[in-house]
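# What the coordinates show
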Amino acid sequence: MTTMDTRPSGPPDEPEEPTNRPPSMHRVRNWLKRPYAKGIVGLTILLGILLLPVAWLILIPMRATGAPASEIMEGIEQTVFVFTLVSVPIVAFVYAVLVYSLLKWRKYKGDQIPEDESPAIRTNTIGVVLWTTMSSVLAFFLVVWGLIELAQITSNSYGTISADQQPGDEQSVIVNVTGQQWVWTFEYPQHDGVTTEVLYLPKDRPVYFNVTSKDVIHNFWLVELGVKIDANPGAITQTGVTPNKLGSFNLRCAELCGMHHAYMETSVEVVEGETFESVMREMGGGRTA
Amino acid sequence: MSTAQAKPEQPKSPGKEQPRYPTTGEPISTIARRAKAGLWTLIVMDAAGTIAIIIAYSYLWSLNVNGGWAPPGASLTGSETDQSLPSSPPTASFAVEWPFWAIFGLVIISTLAMWFGYRELKRGNHAGMVVGTGAALVVAVGALVAQWIQISTFPFAAGDGAYASAVLLLCASNIFNLLILIFLQLGMLIRTSKGLVSQAVHYQPQILSYWMVWLCIAFLLGAICTSFMVESPNLDPAIFGTFQQQS
Amino acid sequence: MSTETITQTATVFGDEVPQPRQYGKPGGIMRRLNMGTALVGGIGLAAIAGFVANALVPSGASTVTFAPVAPDIVYLAILVGWTIGFSVGIGAFVGPIRWLFGRDLTHADAEYMAGKDLGVKRYFKFTTDHKVVGVQYLVVFAFILGFGGLLAMLIRTELGVTWSEVFSPAFYNSMIGTHGIAMIIAMIISVMGPIANFIMPIMIGARDMAFPRLNALSLWLVVVAALCLVSTLFTGGIQDGWSVYQPLASQGPPAMLGYQMTIIVFAISTGVASVNLMVTALTMRAKGMTWSRTPIFVYGIFGAALMGLYAFPFFQYSQIMALTDRIWNTSFFNPLQGGSVWLYENLFWLLGHPEVYVIIIPGTVVLFELMPVFMRKPLFSFNFAVAGIVGVVALSGLVWAHHMYMTGWAPAANYPFMLSTEMISIPVGFLVLVVIGTMWRGLVWTRLPIMAVYAVIFNKMIGGVTGIYLSDVPVDQYMHGTMFVVAHFHYMLMGAGLFGAMAGLAFYFPKMTGRVLDERTASIGFWTAFTGFQITFMAMFVAGLQGMPRRVLQFDSLFNAPNWISTIGAYIIGLGMLIFAGAVVSSWISGDKAPANPFGSKSLEWQTPTPVPLENFAVLPVVTERPYNYGVPDPYEKELQEADQDLHPEEVGSR
């Protein structure tokens, strides 16, 4: 049996010299004098420091294939990074309590029912208020961040404008994406309806996708560009992105669509604007819209 | 927690000896309270199921996917975009509305008869209870027959689009509810004649009466849908598999 | 009046109570009905129904999409025959029929049906004693868990063997679908089945549940549903994931009907169980057990049952609609004829989200019950715990469409659903605070149930934080449909849910089985499984972050390494779970007899002898104290009061 002493050591403090410190600071200081308080706060800080690198580490697998290739993906990475950072304090604190409990408060083992009992703390107003406040502030921060980011992304896509009424200005490119078991086809209505099975995108120009399916639900996922929308049979969904990096990227289907769902992949070629136009022309479609 | 020795539960009103439930010996008022709580939970469950049907009906009505809401032949948006093989000749159309209200009316009458019977039972008029329950049963059977006739004379079949599917499911749910209701009413009648339902032990017709009120609401919801949400508001659905609108 | 009543009286708990007429021996026809007759009835009627259906369906009949319809109709007939036949054979309809004809149960009938003096046989009958039902649930849970676990091992084998295909794509797809739904069913009943049924009535000082026959019904319907599920492996497999999205499901083999019947039957079981649990909690608490003296376990079970009650019908109806789409060519989900895939998704997730709270809340409140015992201090902030449960239940119905962020069904809806999803993290956080607060300054009696709590909280934080990523719509634009999601929900449902259920079962093992659990072996199994769990699912997070989609059996070589690691971890989990199961089984069969209150708990259920007598209490208890009355006064209280008086000497009062 390990001895555990939760009693305060020594007599209470002698009256302090008069100071300007508010009484609550006395309470905090006195609380910190308790051995477990120091231990848990210290452990929280230590675990927090150990957990901080996760915010960077988590981005490494996300960048395995060339991400980020758009501002949307950059925003996603930033969000993951920030969310990890703000979660670290609460996680560190909870884990610190777990660890400290295992280190310092273990007292009995075996079959005998313990004779001692612990302090009968049925509530702690300060603790409850602190926790509620912190978790609410955290949730509020996450919500506001998320809403702003979502608004930015949505402004990059058509939302719910029907395919017939989409503007075709000089800059933007419209792609009609059709998913079917188990192949993606892309049609460029502004380029004489050229149809491809590889997705060609121009760099630094806004691209709008109209997506549908001919049979079951598929999911149109441009991995490194951070674009994802379901391809539904009987509906047209929309999204959009502006690629900002050249290269060959991945399009994967992210909704189980039958036997060869695993193979429903193709490549996304982001090329310079002029290269894009010449590729379209080679395929038989000059720019008409 | 202390486990003080205590006498078994006394009946709620010591002045008047309450009947006891045979299996557990508890006073009937305890059992009645439990049964009523059980009824509320059952109503929540059935309400969730009814709402699921209403959601299906109204959501499909609002979407009119591929123009397939209306039965083919019923309206303009019916047949042109339909790329499937309809299972009925293009004379299928929406159902007539008044039968839904008629059946709803029958359910109301049955409920009122049941309430009448229950009220008479509480007053000690045993014969009144039998009359009320019997009348409720007969009317419920009438509602069942009417519902069956309605289903068999619908101007569409199950394969005729989303409206047809939703209405048939609604009617099937009505049939199911009516079958259970008839079972319960029959049981109530038999038990009353055997004395198991009496002025002293009346919680079962009580909860049956409450249940019937819920049934009225369920039938009402169906009648409202089929009367006020018939033609789809979406006149311009996309054509399946393409990027074009109807127009 | 009639002559049916008052022919005799019986002694019921010390009182003479008039009895209805006794028809035959006590129990009547139930004396002859048991699992054997149920199997005969089920298999027999299934065979007859299948034969008749086969004879009646015209050969060459086909659906609108030219698929042969005969296998579907025959299989459906078999399943319906099985359900009705088994139910008849176990005696489920005896109650309603007796009620219809006014042949009410006597006390002797009720005692027979509760299994009095029947010995082991009562576990194989339609027994109403909640303790028997609890043990039956435990066994059924173990079988379904084992079934799902075996499938998991096969799945991980396929994913680990990256250089070839071990199974065909069709079989692989059916393995993941069947594994998913089997585990969901197992987890739903993991605590609400064995522990809520066995322990809760005793915990509240009652003799049984509110509706004992409904209790037995809910258990046997799980058996019916589980066998419907197993039959799908022989009819082509559920090849569409556990969520069985339409319209892919309509392309599936007849096994999809097996899934639909499983859910339709299971929904009835859960609905009936929810009614029972809620009414029991509401109306059967002992005298003196006001709501503030009611253990938090009761609140949690009530909340979980409520969520199941309102949410399961949506799932049930989604499957009924899928069934009619398949058999009768309705078009709820067929977009060619007006159906909508979004309708299916909405109906499904209206259950799908509350369901995870149905799983996690009981798993959490059982920890709330055991922590005070092993830390000898009261539960921290009972009111906060109640607030957390209430908050989760209230918000649970408002977050479902966060599973549909990427479907495009209503882009504007993504905003409010993101808000509600982030908000629900607050009441969930309350529950974590209660655990941490109970742990705070509490001495630890290092038995397996409490040690498991550390594992659960460790996993719950990871699951919670990764859930925060997913709740953000832009981030979900990357993460949805990847293995990241799979790892997240395994952390919550398995890491926190299953391990929490295992902690609860280890805690209540002595009371439920009358034996002492071999904690040494069980701990070895538990921690082995825990270690394997971290390996498996941490590597799975990496695979998901790299961009590996869900439900694929072949993938880019980039994902090979994480999958190898996950597979090794999975085998370690399997080993650990087998060890744990072995400890449970061997302790149950030949462990030491358990004392009545081996952990020194002050809760009502531990004040009964072990094995618990049929009527639970000779005399129903009266409750006079609040629960969790452990602990000694806080030594720091004195110091705080004195410090207070130093600063405010004019104030007198206690904290």
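Residues numbered from 1 in each chain as written. Chains lettered and ligands numbered in written order. Predicted model: local features only at pLDDT ≥ 70, side-chain atom pairs only at ≥ 80, totals over all residues.

Glancing now at the overall build of chain C. The number of helices and strands found in chain C is 20 helices and three strands. Since a compact globule built from 655 residues should have a radius of gyration of about 26 Å, the 26 Å found for chain C is in line with a globular shape. Of all 655 residues assigned to chain C, the portion counted as buried reaches 67%. Pairs at least 24 apart in sequence give 82% of the contacts found in chain C among residues at least 6 apart. (Helix = DSSP H or I, 4+ residues; strand = E, 2+ residues; numbered from the N terminus. Rg over C-alpha atoms; globule rule 2.2 N^0.38 Å. Buried ≥ 20, exposed ≤ 12 C-beta atoms within 10 Å, placed from the backbone. Contact = placed C-beta atoms within 7 Å.)

Along the backbone of chain A there are seven helices and eleven strands. Taking all 289 residues of chain A together, the buried fraction comes to 38%. Excluding contacts between residues fewer than 6 apart, the proportion of contacts in chain A whose partners are at least 24 apart in sequence is 73%.

What follows is about the packing of helix α1 (residues 28-63) of chain B against helix α6 (residues 203-228) of chain B. All names here are of chain B. It is at 10 Å that the axes of α1 and α6 come closest, and there the two elements cross at 10 degrees. Here α1 lies roughly parallel to α6, going by the angle between them. Seen from α1, the contacting residues are Ile28, Ile31, Ala32, Ala35, Lys36, Leu39, Ile43, Asp46, Thr50, Ile54, Tyr57 and Ser58; seen from α6, they are Tyr203, Ile207, Tyr210, Trp211, Trp214, Ala218, Leu221 and Cys225. Among the residues forming the contact of α1 with α6, the class breakdown is 16 nonpolar, two polar and two charged. (Axes fitted to C-alpha atoms, helices over the stretch in contact; angles between N-to-C directions. Parallel < 35°, antiparallel > 145°, perpendicular 65-115°, else oblique. Nonpolar A, V, L, I, M, F, W, Y, C, P; charged D, E, K, R; others polar.)

What follows deals with the interface of chain C and chain B. At the junction of the two partners, chain C supplies 67 residues and chain B supplies 57 residues. When residues of the side of chain C that touches chain B are traced back to their parent elements, those giving at least two are β2 (15-19), α3 (94-100), α4 (107-113), α10 (255-283), α11 (296-327) and α12 (341-375) of chain C. Ranked by residues supplied to the side of chain C that touches chain B, first place goes to α11 of chain C with eight residues. Partitioning the side of chain C that touches chain B into residue classes produces 37 nonpolar, 23 polar and seven charged.

Residue and element names in this part refer to chain C. Along the chain, Val392 turns up in helix α13 (residues 382-396). On the basis of neighbour count, Val392 is assigned to the buried category, with 24 C-beta atoms found within 10 Å. Between the C-alpha atom of Val392 and that of Met423, which follows or precedes it by 31 residues, the distance is 9.6 Å. Not counting chain neighbours up to four residues away, the residues in contact with Val392 comprise Gly303, Tyr357, Ile361, Ile424, Pro427 and Val428.

Right, let's get into the interface of chain C and chain A. Taken together, the 85 residues of chain C in the interface contact 87 residues of chain A. Looking at which element gives the most residues to the side of chain C that touches chain A, the answer is helix α14 (residues 414-439) of chain C, with 14 residues. Grouping the constituent residues of the side of chain C that touches chain A by class yields 52 nonpolar, 22 polar and eleven charged.

The next subject is the sheet that holds strand β3 (residues 183-188) of chain A. Residues and elements named next belong to chain A. Spatially, five strands are ordered β4-β3-β2-β6-β9 in an open sheet, and the strand pairing comes out mixed. The open sheet has two edge strands, β4 (194-196) and β9 (237-241), and neither has a second partner. Across this sheet, the average inter-strand angle for adjacent strands is 25 degrees, counted without regard to direction. Here strand β2 (residues 173-180) runs beside β3; their pairing, made up of five bridges, is antiparallel. Opposite Asn176, over in β3, you have Glu187 as the bridge partner. (Pairing = 2+ DSSP bridges.)

A few words on the packing of helix α5 (residues 130-160) of chain C against helix α8 (residues 212-231) of chain C. Residues and elements named next belong to chain C. Contact geometry for α5 and α8: axes closest at 10 Å, N-to-C directions at 15 degrees. It follows from the interaxial angle that α5 and α8 lie roughly parallel. In the packing of α5 onto α8, the handedness of the crossing is left-handed. Contacts between α5 and α8 involve His130, Val133, Gln136, Tyr137, Val140 and Ile144 from the first element and Pro212, Asn215, Ala216, Leu219, Val222, Val223 and Ala226 from the second. Classifying every residue of the contact of α5 with α8 by side-chain character gives ten nonpolar, three polar and no charged. (Left-handed = near helix turned anticlockwise from the far one by under 90°.)

Residue and element names in this part refer to chain A. Burial analysis of β2 places seven of its eight residues in the buried class, the great majority of the element. In terms of strand pairing, β2 meets strand β6 (residues 207-213) through seven bridges, oriented parallel. Bridge pairing in β6 links Gly179 to Ser213. A loop of two residues connects β2 with β3, the two strands running antiparallel in sequence.

So, about the nonpolar core. Ile301 and Ala452 of chain C are the most contacted members of the largest nonpolar core, which has 353 residues in total. No other element matches the 23 residues that α12 of chain C contributes to this core. Split by domain, this core shows at least three residues from each of two domains, domain 1 (25-107 + 126-154) and domain 2 (163-282) of chain A. Setting aside anything within four residues of it in sequence, one finds Ile301 of chain C in contact with Met192, Ala196, Met200, Leu277, Ala281 and Pro362 of chain C. Core analysis: the next-biggest nonpolar cluster, separate from the first, contains 29 residues, Val107, Leu137, Leu184 and Leu215 of chain B among them. (Core = buried A, V, L, I, M, F, W, Y, C linked by C-beta atoms within 7 Å. Domains from an automatic or database assignment.)

All names here are of chain C. Compared with the 45 Å implied by 1.5 Å per residue over 31 residues, the 39 Å span of helix α17 (residues 483-513) between its first and last C-alpha is markedly short. At Phe507, α17 shows its strongest bend, of approximately 45 degrees, with the proline Pro510 following within four residues. Summarising burial for α17: 30 of the 31 residues are buried, a large majority. Gly514 lies just past α17 and shows a positive phi near 75 degrees. (Expected span 1.5 Å × (residues − 1). Bend = angle between axes of the 7 residues up to and from the residue.)

With that settled, consider the sheet that holds strand β7 (residues 218-222) of chain A. Residue and element names in this part refer to chain A. Taken together, the five strands give an open sheet; going across it, the order is β5-β11-β10-β7-β8, and neighbouring strands pair in mixed fashion. Unpaired on one side and paired on the other, β5 (199-202) and β8 (227-231) mark the two borders of the sheet. Within the sheet, the average angular offset between the axes of one strand and its neighbour, ignoring direction, is 25 degrees. When β5 meets strand β11 (residues 265-271), the two strands line up parallel, connected through four bridges. Residue pairing in the sheet places Tyr200 in a bridge with Glu269 of β11. Contacting β5 and β11, helix α7 (residues 273-282) runs over the sheet at an angle of about 140 degrees to β5.

Let's shift gears to the confidence of the model for chain A. Scored by pLDDT, chain A comes out at a mean of 87, with 87% of its residues at no less than 70. Here helix α1 (residues 23-33) of chain A is the element of chain A with the lowest mean pLDDT, 81, and β7 of chain A is the one with the highest, 96. (pLDDT = per-residue confidence, 0-100.)

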